[in-house]
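Here's the letter readout for the chains.
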Amino acid sequence: MYLSPKELIEIPQYPNVALSGDGRNVAFEERTTDWKKNEYRRHVRVYNRETNLSTPMTIGNTDSRAPRWSPDDAAVAYLSPIDGKDQIFIQKLSSTGTVQHTSADEGVEQYEWATDGNGIYYVSKRPLSKTEKERNDTYGVYTYQDEDFRYHELYYQSLDGDAVPLLQGLNVHIHSFAVSGARLVISAAPTPRVVDGVHQAVRMYDFGTERWETLVEDCTGNARLSPDGSKVCYTHFRDTNRHTSNNQLAVYDMSSKTSKTLDVPIDEHVTPVNWTSRGMFIQWAERTKLCIGFVDEAGRVEPMHAGSDGVVMLASTNGESIAYTRATSTEPYDIYIDDQRVTNNSTHFTDKQLVQKEIITWTTAGGEEIEGILSKPADWDHSKTYPLIVAVHGGPAGTSFALQGVNRYQPIESFIEEGFLVLEPNYRGSAGYGESFRGANVKNLGIGDYEDVISGIDLLGEQGMIDPENVGIIGWSQGGYIAAFCATYSDRFKAASVGAGVTNWYTYYTNTDITSFTPQYLANDPWIDPDIYARTSPMTYVRNGAPPTLIQHGEADVRVPVANAYELYRGLKDTGQEVKMVIFKQMPHGATKPGQSLAIMEQNIEWFREKMGK
């Protein structure tokens, strides 16, 4: 028996990890499942290395998240909702009492302790002006497209005082900020629009003059201050194609007022987490691994805690010890401090079989080398031929990893239970394989992806592992697009499931909240080059026929608007194809409730069982 979808959803997740400055404690956010309320519960827990015990900051229906240690390690701050809006709470380790620190009208989005520990800086939406309130009261709420923005405000609130705004009327949307000594820096975009997130500026607030100064005009954010506050590291794109080019690490020197891009020997996005006396602490992808390590200003990298097939992420360090989450092909995600495991999710696999995970490589007809994860049953019989399901990750700059129990849209364990093999291709465009590979599907969306998928299927067929006449395909988001494209582009598939997938690039471009995505991947606007938009859209090939197709989509999806689902459904219906569509009410681009994930997986199990003869 393998993990069922319900058991899979019940495995705790850890969205935040924070190591104390002295390295003795780690505060982490644990997300668990509340089936009665169909909600996820979030609770901050503090683990002590000496006692080997963890203590919750909140229990029951009172959620907490995003822990931060005070500079003296004597207290933990966290966010907890009051009337649906997050506020900062502080709990000292020496007591059981908790103090509510903020009462922000618009709630708190992010926060950091002041270096002296006497207060906290936090980001919140700027309150509506009197004019805006009067307009809403008179006419009802409406907005002017690309004009009405809810900008951020940055506040400082001492432990015994009121909140003081600091932005001085500066209209920005803050993506991150950092405090060190007498300096504070923000990386902020000109508007809250998602597409403007790639046009951030790094600004510094001088506590002495109480004025703002722009340090860097154009970056991708992630500003982090050096321990002495004399320098700031940040990231910027290598070239103008901001969806495919690498994020590069750079350092701005306050004294010389100059920036230097570091020559880091990593051909992938590099993301700074923080800056310690040991160097800048970074994260990056490397094929089917996620890695962490330190880098100095000469670009020398010191990798940390990366196993042969390990995924290490969500890390926090004091420069000596490191707290992080780690998973491998045989162990689920758990929290570690250095090599000491803090949690134990392996108990969820007690009396369960583990899916065999194998990393395989194949070459397309065009010479592109593709890597993928092949999942097999624990009792796999090499003399037997199996039906195959191709499970496609999203992104496109996502990655499939050889891990146990992580996918909450594609029920891989259940597919194995049903007698399928599962192939997860890291198609061109996937992260972890370098900038050139990530840009290999520019002007080649769908068509190149199809070649990557089909050549992997052909390899398994040639090896006698699968029945090439009994292959299904499933995906979510960009994976849903690839599933729709493959299903309509050829007759190679017996069943398909399209989750939150793009079906028409032309209409997608005009409706999505990331309008820059399509012109950068298709290299033009639809009214200038309609042919490329048609050639790469599944709707163009609907008239050719398609296998039985399940469509799943969130009604409130703004990333891939639900019109994409309706277009594919109507096209398949009108051409006489077998299709079933499920619209999840109030669901955005991904499932936010455990019941939604459970329904998505169970519907897919039943669909492929029925349509592929299992």
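All values derive from a computational prediction rather than experimental measurement.

### A closer look at the sheet that holds strand β11 (residues 152–158)
At step 1: Reading across the sheet, the four strands line up as β9-β10-β11-β12 and stay open at both edges, with antiparallel pairing between neighbours. Every other strand in the sheet has two partners, leaving β9 (110–113) and β12 (163–165) as the edge strands with one partner each. Strand-to-strand twist of the sheet, defined as the mean angle between neighbouring strand axes without regard to direction, takes the value 25°.
At step 2: Direction of pairing for β9 relative to strand β10 (residues 119–125): antiparallel, over a ladder of four bridges. Paired with E112 across the bridge in β10 is Y121.

### Observations concerning the side chain of T503
At step 1: Note on placement: T503 falls in the loop between β34 (495–499) and α7 (505–511).
At step 2: Assessed through its relative accessible area of 1%, T503 is described here as buried.
At step 3: Reaching out from T503, the side chain makes a polar contact with the backbone oxygen of N564 at a distance of 2.8 Å.
At step 4: If we skip the residues at most four places from it in the chain, T503 touches S537, P538, M539, N564, E567 and L568.

### Observations concerning the pairing of strand β20 (residues 258–261)
At step 1: Note: strand β19 (residues 247–253) against β20, four bridges, orientation antiparallel. Bridge assignment links D253 to a residue of β20, and that residue is T258.
At step 2: Between β19 and β20, which pair antiparallel one after the other, the connecting turn spans four residues, and K257 there sits at a positive phi close to 55°.

### With respect to the packing of aromatic side chains
At step 1: Evaluated as defined, the whole model comprises 28 aromatic pairs.
At step 2: An aromatic cluster is built from Y450, Y481, F485, Y489, W505, Y508, F517, Y521 and Y541, whose rings are joined through pairwise contacts.
At step 3: The ring of Y111 has R68 sitting right over it, with the charged end atom 5.3 Å from the ring centre.
At step 4: Note that K376 overlies the ring of W380, its terminal NZ or CZ placed 4.0 Å from the centroid.

### Quick notes on the layout of surface pockets
At step 1: Of the volumes computed, that of the second largest pocket is approximately 1100 Å³.
At step 2: Q13, V406, N407, R408 and Y409 are the residues nearest the centre of the second largest pocket, which is lined by 42 residues in total.
At step 3: The set of elements that each furnish at least two residues to the lining of the second largest pocket consists of β1 (13–19), β25 (311–317) and α3 (412–417).
At step 4: Within the lining of the second largest pocket, the residues separate by chemical class into 20 nonpolar, 17 polar and five charged.

### Let's talk about the pairing of strand β31 (residues 386–392)
At step 1: Of all the seven residues making up β31, seven are buried; the element is thus mostly covered by neighbouring parts of the structure.
At step 2: Two strands pair when backbone bridges link them, and β31 and strand β33 (residues 466–476) are joined in this way by six bridges, in the parallel orientation. Looking at the pairing, L388 lines up with V471 of β33.
At step 3: Relative to strand β32 (residues 421–426), β31 runs parallel, the two sharing three bridges. Bridging across to β32, L388 finds its partner in L421.

### Focus: unusual backbone geometry
At step 1: For the bond from G395 to P396, the omega torsion is 5°, close enough to zero to count as cis.
At step 2: Position of P396 relative to the elements: it lies in the loop between β31 and α3.

### Section: the environment of D86
At step 1: One can find D86 in strand β7 (residues 85–92).
At step 2: D86 gets classed as buried once you look at its relative accessible area, which sits at 17%.
At step 3: Taking the C-alpha atoms as reference, D86 lies 9.9 Å from S124; in sequence the two are 38 residues apart.
At step 4: Every residue in contact with D86, bar those within four places of it in the chain, is listed here: R65, L79, S80, P81, G107 and V108.

### Points about the nonpolar core
At step 1: Ranked by internal contacts, the top residues of the largest apolar core, which has 55 residues, are L388, I457, I473, F493 and W505.
At step 2: With seven residues, helix α6 (residues 478–489) is the single largest residue contributor to this core.
At step 3: Not counting chain neighbours up to four residues away, the residues in contact with F493 comprise Y450, V453, I454, I457, V471, G472, I473, C486, A487 and P547.
At step 4: Core analysis: the next-biggest nonpolar cluster, separate from the first, contains 22 residues, W476, A495, I600 and W607 among them.

### Focus: the environment of T361
At step 1: Mapping T361 onto the fold places it in strand β29 (residues 356–363).
At step 2: We classify T361 as partly exposed; its relative accessible area is 38%.
At step 3: Counting along the chain gives 10 residues from T361 to E371, while the straight-line C-alpha distance between them is 4.4 Å.
At step 4: Excluding residues within four positions of it along the chain, T361 makes contact with E369, I370, E371 and L459.

Reading the values: the criteria
Residue indices follow the written sequence of each chain, beginning from 1 at its first position. Where local features are concerned, this predicted model is filtered to residues with pLDDT of at least 70; where side-chain atom pairs are given and counted, the filter is 80 or more; whole-chain, interface and lining totals use all residues. The basis for every side-chain value is the complete set of heavy atoms in the structure, and neither hydrogens nor water enter the calculation. When DSSP finds two or more bridges between two strands, those strands count as paired. Strands are runs of DSSP state E lasting at least 2 residues, helices are runs of H or I lasting at least 4, and numbering of each runs from the N terminus. Helix axes are fitted only over the stretch in contact, all axes being lines through C-alpha atoms; the angle between N-to-C directions runs from 0 to 180 degrees. We call a residue buried when its accessible area falls under 20% of the maximum for its residue type, exposed when it is over 50%, and partly exposed in between, using a 1.4 Å probe and counting protein chains only. In protein, a polar contact means a hydrogen-donor-capable atom and an acceptor-capable atom, both N or O and within 3.5 Å, with residues adjacent in sequence counting only if both atoms are side-chain atoms; elsewhere, any N or O pair within 3.5 Å suffices. We call two residues contacting when some pair of their heavy atoms lies within 4.5 Å. Two rings from Phe, Tyr or Trp (for Trp, the six-membered ring) form a pair when their centres sit within 6.5 Å of each other. Planes less than 30 degrees apart are called stacked, planes more than 60 degrees apart edge-to-face, and all others tilted. A ring is considered to have a charge above it if a Lys NZ or an Arg CZ atom is located within 6 Å of its centre and within 35 degrees of its normal. For each structure, a 1 Å grid was placed over the protein atoms alone; sets of points admitting a 1.4 Å probe that cannot get out are labelled cavities, open sets with protein on both sides within 12 Å along at least five of seven lines are labelled pockets, and lining residues have an atom within 4 Å of a point. Grid points are joined across faces, edges and corners, and a volume is the space filled by probe spheres set on the points. Think of it as three bins: nonpolar holds Ala, Val, Leu, Ile, Met, Phe, Trp, Tyr, Cys and Pro, charged holds Asp, Glu, Lys and Arg, and polar takes everything else, Gly as well. We call a set of buried residues a nonpolar core when its members are Ala, Val, Leu, Ile, Met, Phe, Trp, Tyr or Cys and they connect through side-chain atoms within 4.5 Å of each other.

So yeah, pure geometry; function would need other evidence.
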